[in-house]
Amino acid sequence: EDYLNIVDEFLAAVTARWPGVLVQFEDFSHRNALSLLERYRRHRLVFNDDVQGTAATVLAGVYGALAVQHRPASDITKLRFCCAGAGSAGTGVITLIHRAMVK
């Protein structure tokens, strides 16, 4: 509760001072990373590098590898993925790859 109050207060102060600012969450624990993103994503401009940045980079690499093999992006559904680790970065990667596969 105190933790969320501090983050709430920080975000309120930052966005009051700089409206429209992008707040990047960096190195938040897995326990907090996803819940904080979900808590603020609808009314604040927030980004979690571990969850979203790593995931976007990995997905770009997958699409790049498919392109080098002259395969369409839709072939992502024919691939198998293994994620070693279930921290915030790994969870973000698997979530984004899943979204790309069912898109």
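We now turn to the structure provided with this report. (Residues numbered from 1 in each chain as written. Predicted model: local features only at pLDDT ≥ 70, side-chain atom pairs only at ≥ 80, totals over all residues. Heavy atoms only, no water.)

### Some thoughts on the overall build of the protein
- Counting its secondary structure elements, the protein contains four helices and two strands.
- When its helices and strands are written in sequence order, the protein yields α-β-α-β-α-α.
- In terms of C-alpha radius of gyration, the protein reaches 17 Å, well past the compact-globule figure of 13 Å for 103 residues.
- Structurally, the protein occupies a C-alpha span of about 50 × 25 × 20 Å along its principal axes.
- Here the protein holds 103 residues, and the buried ones make up 27% of them.
- Put simply, 49% of the contacts in the protein that link residues at least 6 apart link residues at least 24 apart.
- Accessible area for the protein stands at about 6,900 Å²; split by element, carbon and sulfur atoms hold 59% of it.
- Within the protein, the 10 negative side-chain charges are centred at a point lying 12 Å from the centre of the 11 positive side-chain charges. (Helix = DSSP H or I, 4+ residues; strand = E, 2+ residues; numbered from the N terminus. Rg over C-alpha atoms; globule rule 2.2 N^0.38 Å. Buried < 20%, exposed > 50% of the residue type's maximum accessible area, 1.4 Å probe, protein only. Contact = heavy atoms within 4.5 Å. Areas by Shrake-Rupley, 256 points an atom, 1.4 Å probe, with all protein chains shown as cover. Lys, Arg positive; Asp, Glu negative; His and termini not counted. Charge placed at Lys NZ, Arg CZ, Asp CG, Glu CD.)

### Focus: the pattern of salt bridges
- Within the structure shown, the criterion is met by five salt bridges.
- Its salt-bridge partner being Arg39, residue Asp8 comes within 2.7 Å of it at the nearest N-O pair. Residue Asp8 is located in helix α1 (residues 2-17), and its partner Arg39 is located in helix α2 (residues 30-40); the two are separated by 31 residues in the primary sequence.
- Accessibility expressed as a relative area gives 24% for Asp8, which makes it partly exposed.
- For Arg39, a relative accessible area of 36% translates into the label partly exposed.
- Measuring nitrogen to oxygen at the nearest pair gives 3.3 Å for the salt bridge that ties Glu38 to Arg42.
- Via salt bridges that share partners, Glu38, Arg41 and Arg42 belong to a single interconnected network. (Salt bridge = Lys/Arg side-chain N within 4 Å of Asp/Glu carboxyl O.)

### A look at the packing of aromatic side chains
- Counted under the stated rule, the structure contains one aromatic pair.
- Arranged with centres 6.3 Å apart and planes meeting at 55°, the rings of Phe25 and Tyr40 form a pair that is tilted. Of the two residues, Phe25 sits in strand β1 (residues 23-25) while Tyr40 sits in helix α2, which places them 15 residues apart along the sequence.
- You can call Phe25 buried: its relative accessible area is 3%. (Phe/Tyr/Trp six-rings, centres within 6.5 Å; stacked < 30°, edge-to-face > 60°.)

### Section: the nonpolar core
- Grouped together as the largest cluster of nonpolar side chains are eleven residues: Val7, Leu11, Val14, Val23, Phe25, Ala33, Leu36, Leu37, Tyr40, Val46 and Val51.
- At the level of secondary structure, the elements contributing two or more residues to this core comprise α1, β1 and α2.
- Contacts of Val46, omitting those with residues within four sequence positions, involve Leu22, Val23, Phe25, Leu37, Tyr40, Arg41 and Gln52.
- In this structure, Leu59, Val62, Val93 and Ala100 belong to the second largest nonpolar core, which totals eight residues. (Core = buried A, V, L, I, M, F, W, Y, C linked by side-chain atoms within 4.5 Å.)

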